[in-house]
Amino acid sequence: MDLSQITEALQRDAVWVVFLNVLLQQVGLPVPAVPTLLVAGSLAASPAQAAAMLAAAVLASLLADASWYAGGRFFGYRVLTGLCRLSINPDSCVTQTEARFQRWGLWSLVVAKFVPGFSTVAPPIAGSLRMRLPGFLFAAAVGAALWAGGAIVVGWLLRDELQDALAAMSRHGRTMVVMGGLVLALWLAWKLWQRYRFMKLAAIPHVTPLELIEAMASDAPPLFLDLRGPAMIAATAPIEFATRADVENLLQSVGDWPRQRPIVTMCACPGDATAVRAAHVLTELGYTAVRPLKGGYEAWLAANGQA
């Protein structure tokens, strides 16, 4: 099949290709959709076909977003924790994601499609926070339309350049595959290096939930820092003797706590990512007995018979 035949096939089936590609990406699979939208836009034979492509992209995006919203609504933060656990970078965790959502509110759903990694996790947060469904669907649809529509319009405006690029790829297919594989390998190596660095940081002594329970009942209990986001604490329940904290303002939460006294940090992140980071920050500030809680909030609930 030569380039003209490929072009004809894409023009004929572009709406379905766009729908499936966007749906797969938005449910969380590592399938890039923007290149498909660009090429589809460059091949649009008429404004009506471009509009059909846009409608297919928005519909696919809304189907995926509504599914994640329902998961967050019915299963709460367990869905988000599971999503973050799939990330190759453990720092993409619940607390950081929720903080971004809290800053932007409803607008976070509009801009989510433009922020790598945030598009998939924003809908379950909206469900967990009990955002009203009509507002959620409206914001998600606007964001999907801006994201997909922008790519399709750019593809149409640069259709000559994109067709030249497709022709060059057809002539130098093997070279392009090698270059693409090299770029992918470099990206993967960088992500693995980030994960390796985190694993080294995480290799510090932890406190188990049972050890923490015993310590809290002693005559000299540790300072227990809860690093979950405020919305998650409100949606679940505050821990009676925990002090609310965030990594950016740890000193305010610690106050005049003696630097030699024990401190325990807890988050709701895969790999205890935020708790580990907070422990390192406090150690660098001179606190000598800081330990993350092993297993985080889920382990704490299980140890107290609330899982």
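The structure this text deals with has already been given above.
Conventions adopted
- Residues numbered from 1 in each chain as written.
- Predicted model: local features only at pLDDT ≥ 70, side-chain atom pairs only at ≥ 80, totals over all residues.
- Heavy atoms only, no water.
- Buried < 20%, exposed > 50% of the residue type's maximum accessible area, 1.4 Å probe, protein only.
- Helix = DSSP H or I, 4+ residues; strand = E, 2+ residues; numbered from the N terminus.
- Arc of directions from axis to C-beta.
- Pairing = 2+ DSSP bridges.
- Salt bridge = Lys/Arg side-chain N within 4 Å of Asp/Glu carboxyl O.
- Axes fitted to C-alpha atoms, helices over the stretch in contact; angles between N-to-C directions.
- Parallel < 35°, antiparallel > 145°, perpendicular 65-115°, else oblique.
- Left-handed = near helix turned anticlockwise from the far one by under 90°.
- Contact = heavy atoms within 4.5 Å.
- Nonpolar A, V, L, I, M, F, W, Y, C, P; charged D, E, K, R; others polar.

*Asks:* A description of helix H15 (residues 296-303) should follow, citing residues and the corresponding values.
*Replies:* Every α-helix carries 3.6 residues per turn, so stepping three or four residues along brings you back to the same face. Taken residue by residue, H15 has Gly296, Tyr297, Trp300 and Leu301 as its buried positions. Taken end-on, H15 shows its buried residues confined to a sector of 150 degrees, consistent with a single buried face. Within two residues after H15, Gly305 carries a phi angle of roughly 70 degrees, on the positive side.

*Asks:* Before we move on, could you go through the pairing of strand S1 (residues 223-226) and cite the residues and values that matter?
*Replies:* Going residue by residue along S1, you find Leu223 and Leu225 tucked away on one face and Phe224 and Asp226 tucked away on the opposite face as well. The sheet contact formed by S1 and strand S3 (residues 263-266) spans four bridges and is parallel. Pairing of Leu225 across the sheet is with Thr265, part of S3. The pairing of S1 with strand S2 (residues 243-244) spans two bridges and is classified as parallel. Within the sheet, the bridge partner assigned to Asp226 lies in S2 and is Arg244.

*Asks:* Could you give an account of the pattern of salt bridges, with specific residues and numbers?
*Replies:* Tallied over the full model, the rule gives two salt bridges. A salt bridge links Lys113 to Asp65, with the shortest nitrogen-to-oxygen separation between them at 2.9 Å. Remark: Asp65 occurs in helix H3 (residues 47-75) and Lys113 occurs in the loop between helix H6 (107-111) and helix H7 (118-128); sequence separation between them is 48 residues. Taken individually, Lys113 and Asp65 each receive the classification buried, so the pair is uniform in this respect. Linking Asp226 and Arg228 is a salt bridge whose minimum nitrogen-to-oxygen distance equals 2.8 Å. Residues Asp226 and Arg228 agree in their burial class; the two are buried.

*Asks:* Quick rundown of the packing of helix H2 (residues 34-43) against helix H8 (residues 133-157)? Include the residues and the values.
*Replies:* Where H2 meets H8, the closest approach of the two axes is 6 Å, and the angle between their N-to-C directions is 50 degrees. In this view, H2 runs oblique relative to H8, as classed from their interaxial angle. The element H2 and its partner H8 pack so that their crossing is right-handed. Contacts between H2 and H8 involve Val34, Leu37, Leu38, Gly41 and Ser42 from the former and Trp147, Ala148, Ala151, Ile152, Val154, Gly155 and Trp156 from the latter. For the contact of H2 with H8, the class distribution of residues is nine nonpolar, three polar and no charged.

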